[in-house]
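Inside the fold
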Amino acid sequence: ARQLLIEVNLLTKNIILFSILIILLAYGNKLNAQISLTATAGTTDPTSYSTLKAAFDKINDGTHQGIISIEISANTSESATAVLYQSGYNSTSGYSSVSIYPTTTGLSISGNLATLLIDLNGADNVTIDGRVNATGSINDLTIVNTSTASTAATSTIRFINDANLNTVKYCSLKGSSTAATGGVIYFATTTASIGNDNNTLDNNNITNATDANRPVNAICSLGTASKLNSGNVISNNNIYNFLNRGSASNGINLADYNTDWTISGNSFYEIASFVPAASVAYIVINVTYTSGSGSNFSIANNYIGGNDKGGVGTWAKTAASDNTFTGIYLKAATGTASSIQGNAIRNMNYANSSSGTFYGMNIVLGDVNIGTTSANTLSG
C-alpha cells in the first residue's frame with residue numbers, strides 16, 4: 001500500500017510538473033510573440049505571430065474571419081511585404097474589419113525592402129492606429145521602410161486595387177524611397193472597378209527614414225483612367241524633412257487620375273537648415289495631370305514653413321543651389337470648382353545662389369475658388 005501511495009504521489013507530481021511546463025511554454029511563446037490576433041469567426045482565440053506579414057497571410061487564407069484585431073506588443077522586422085487582400089480573396093477568406101494598434105509605447109514595424117512594406121491590396125475597412133491601445137492622442141507606433149530604392153512602387157504603405165475606407169492615424173510613417181511612382185505613402189492603380197477611394201491619413205508624422213536619405217514623395221497618388229482615386233483625405237499630419245537634397249521632390253504629389261481629394265490642417269516644415277545638393281525644383285502640395293484629370297480638390301488650412309507644426313520658427317534654406325519653390329501648385333479640370341482656403345505660407349528664410357523662383361501658389365488650370373471664404377496668407 002505504501003509503495004502504491006508513493007507511485008500515486010510521483011504520478012501526481014509528474015502531472016503537476018508537466019502542467020507547469022505546458023503553462024511556461026505557452027507563456028514563453030506569448031512573451032516572444034510580437035503580434036496577437038483575435039477574431040470573431042474562424043479561429044477566434046488569440047493567436048501569436050512574429051510578423052505582420054504572417055498575421056496577414058492567415059487572414060488571407062481564411063484562418064481568421066469576421067471582426068479582426070491585431071495587437072502589436074513588440075517590434076516586428078518584416079523581411080517580405082505584408083500584403084492584405086480584400087475580404088473574399090479566396091473561397092475561405094472573409095472579414096468585415098481589421099484594426100491594428102500597439103499595446104505599449106515605442107514600438108515599430110520595420111523593413112528594408114525595395115518594394116512595399118505594407119500593401120493594402122484591395123483591402124477595405126482597415127484601421128492602423130498608432131496610439132497605445134488605440135486611445136489617447138500620442139503617436140507611438142513607427143512604421144518604416146528604410147530602402148532608398150528607385151524601383152517603382154517602393155513605399156512604406158501602398159493602397160492598390162480598390163483599397164477603400166481605410167484609415168492610418170497617429171503613426172510615425174517613415175521612408176526614403178526615390179521611386180517617382182512611390183513614396184512614404186503611395187496610392188496606386190487598380191485592376192478592379194472604382195479606384196482607391198475614401199481612405200484617410202490623419203494625425204500622422206510623415207518623414208524620411210534617415211535624414212541623409214530622403215524620399216522624392218512623402219505622399220504620392222497615380223491612379224487609373226476612368227477609375228480615379230477619389231474621396232481620400234490627408235488631414236492634420238506633420239510632414240517634415242521630406243524634400244530630397246539632390247532630386248526634384250514633393251510633399252504631396254497628386255499626379256494623373258485623381259479627383260475630389262481633401263488636404264487640410266497639415267503642417268509642412270524643415271526642422272534644421274536645409275542644404276540642397278542640386279538645383280532642382282520643390283513643390284509642397286502638387287496637384288497636376290497630363291492626360292486624366294479630376295476636380296473638386298479642397299486644400300485648406302495648411303501651414304507651409306517654419307521648423308515645427310503650425311508654421312512656427314523658421315524654415316531656413318541655404319544659397320548652395322538654385323531651387324524653385326512652390327507652396328501650392330494646382331492644374332485641375334474645369335467643372336466642379338476646387339477650393340483653396342485659409343492656407344498660410346510663412347516663416348521661410350529661403351535663399352538661392354542666383355535665380356531660383358519662389359511661388360506661394362501657382363494655379364495653372366481649372367475652375368478654382370481662392371480665398372473666397374478664408375484668406376490665404378504669404379508672410380516672411
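This text follows the structure it describes.
Residues numbered from 1 in each chain as written. Predicted model: local features only at pLDDT ≥ 70, side-chain atom pairs only at ≥ 80, totals over all residues. Heavy atoms only, no water.

**Topic: the pairing of strand β10 (residues 141-145)**
- Of all five residues making up β10, five are buried, and the element is well covered by its neighbours.
- With burial as the criterion, each face of β10 is covered, one bearing Leu141, Ile143 and Asn145 and the other bearing Thr142 and Val144.
- Bridge count between strand β7 (residues 108-111) and β10: four bridges; the pairing is parallel. Bridge pairing links serine 108 to threonine 142 in β10.
- Both β10 and strand β13 (residues 171-175) contribute to a ladder of five bridges, which runs parallel. (Buried < 20%, exposed > 50% of the residue type's maximum accessible area, 1.4 Å probe, protein only. Helix = DSSP H or I, 4+ residues; strand = E, 2+ residues; numbered from the N terminus. Pairing = 2+ DSSP bridges.)

**As for the sheet that holds strand β14 (residues 183-187)**
- A sheet is described by the order of its strands in space; here nine strands give the open sequence β5-β8-β11-β14-β17-β21-β25-β29-β33, paired in parallel fashion. Looking at which strands have only one partner, the edges of the open sheet turn out to be β5 (82-85) and β33 (358-365). Between one strand axis and the next, the sheet turns by 10° as a mean value, whatever way the strands run.
- Of the pairings in the sheet, the one linking strand β8 (residues 116-121) to strand β11 (residues 155-160) comprises five bridges and is parallel in character. Note that in β11 the partner of aspartate 119 across the bridge is arginine 158. (Axes fitted to C-alpha atoms, helices over the stretch in contact; angles between N-to-C directions.)

**As for the pairing of β14**
- Of all five residues in β14, five are buried, a share of seventy percent or more.
- Note: β11 against β14, four bridges, orientation parallel. Paired with arginine 158 across the bridge in β14 is tyrosine 186.
- For β14 and strand β17 (residues 217-221), the ladder comprises three bridges, and the chain directions are parallel.

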